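A structural walkthrough
One-letter residues, chain by chain:
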Amino acid sequence: MRFVPMKEMLDTAWVNGYAVGQFNLNGLEFAQAFLQAAQEESSPIIIGVTEKAVHCMGGYRLIATMVESLMEEYEITVPVALHLDHSTSFESCMHALKAGFSSVMIDGSHLPLKQNTALTKKVVDAASILGVSVEGELGRITGEEDGTVVDTAEGKFAIPDECQRYVEESGVDCLAPALGSVHGFYQGKPDLQFGRMVEVRERTGVPLALHGGTGIPDEDIQRAIASGISKINVNTENQVAFTAAIRKALEEKPDLYLVRQYLEPAIEVLKKNVKEKMRLFDSVGQVKGKEKRGKKAVGSCRR
Ligand code: 13P
């Protein structure tokens, strides 16, 4: 497999005190920008794609082949994970596995704990045969993700005791506990539950994922990394930047019709945005290896 399993990447990130960014694909140009940014910054990267984006972009196989071909073309040497984001079914996860993805998220957070655990375990059992990593979710991360609005007060925050049971019984490699982040834009300041983050990381012993990376203040991102977060998902912010760059190019030259002439500056803007996130997550230069936290610290959290 050309893609690296996410678990390997995240365990290294935890040991060394940084987080790996998951950047979501919304077309070929996004893959170009993500891979170039990662290579230029010597940073590992997780390329995420939701089920809806998979269908819009031509299917699992096409996505895996496209990213793999670009990696060859750009001579990418940094670790790249290809990840199915917020999958809702066992079947979608199997399609991703078959196509060569190195990581899948099964999102059973809308189900009662027992059913969520059973569904996650079923995916873990199949994925582990191929060495593919699995992410699960507990508590509901609200907001808008790819046009789907999740808005619920019920089960808003993940409960540490349930997280521990879920991880132990399902064998999942990475957990996305709902701890105050939302997909899309925030109304007011995000209210991240750092105390629970530390507790969930300590009780589960697996890397934690922070969804809804758009709009979280830099100091909260850094505190989240110190509190147990090893993976941070960003999508909306990149789409806003990409679209704004296209809008600007077309406003400046209303007669412009040559597609590459407005896509190229948009790719550059996207690349810049991703590089800034990598700097914030402290994943820049990590491919060469910077021992910071030391192996002994695994399983305990710093604030
Ligand atoms: P944002 O769109 O809020 O950045 O969240 C992305 C995400 O969490 C993808 O799973």
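Residues numbered from 1 in each chain as written. Predicted model: local features only at pLDDT ≥ 70, side-chain atom pairs only at ≥ 80, totals over all residues. Heavy atoms only, no water.

In the nomenclature of an unreviewed UniProt entry, the protein corresponds to Class II fructose-1,6-bisphosphate aldolase from the organism Kroppenstedtia pulmonis.

The sites that carry the UniProt feature "binding site: Zn(2+) 2" (unreviewed entry) are, in the present numbering, Asp107 and Glu137. In sequence the annotated residues extend across 31 residues, while in space they remain close, none of their C-alpha pairs exceeding 5.5 Å. Mapped onto the fold, Asp107 is located in the loop between strand E4 (103–106) and helix H6 (113–129). By relative accessible area, which is 9% here, Asp107 ends up buried. Structurally, Glu137 can be placed in strand E5 (residues 133–138). For Glu137, a relative accessible area of 2% puts it in the buried group. Residues within four places of Glu137 in sequence aside, it is in contact with His86, Met105, Ile106, Asp107, Ser109, Asn116, Tyr166, Leu175 and Ala176. Of the polar contacts made by the side chain of Glu137, one reaches the side chain of Ser109; its length is 3.2 Å. (UniProt positions renumbered as here; feature names shortened; annotations may be inferred. Helix = DSSP H or I, 4+ residues; strand = E, 2+ residues; numbered from the N terminus. Buried < 20%, exposed > 50% of the residue type's maximum accessible area, 1.4 Å probe, protein only. Contact = heavy atoms within 4.5 Å. Polar contact = N/O pair within 3.5 Å; in protein donor to acceptor, adjacent residues only side chain to side chain.)

Right, let's get into the site of the ligand. Around the ligand lies a shell of 14 residues, among which Asp85, Gly184, Gly212, Thr214 and Thr236 are the nearest. In this structure, His86 approaches the ligand through a side-chain N or O atom, which is 3.5 Å from an oxygen atom. Here His183 contributes a side-chain N or O atom positioned 3.1 Å from an oxygen atom of the ligand. Within the complex, the protein chains bury 100% of what would otherwise be the 300 Å² of accessible surface of the ligand. At the level of secondary structure, the elements contributing two or more residues to the shell around the ligand comprise strand E3 (80–87) and strand E10 (229–234). Counted by class, the shell around the ligand contains 2 nonpolar, 10 polar and 2 charged residues. (Near = heavy atom within 4 Å. Areas by Shrake-Rupley, 256 points an atom, 1.4 Å probe, with all protein chains shown as cover. Nonpolar A, V, L, I, M, F, W, Y, C, P; charged D, E, K, R; others polar.)

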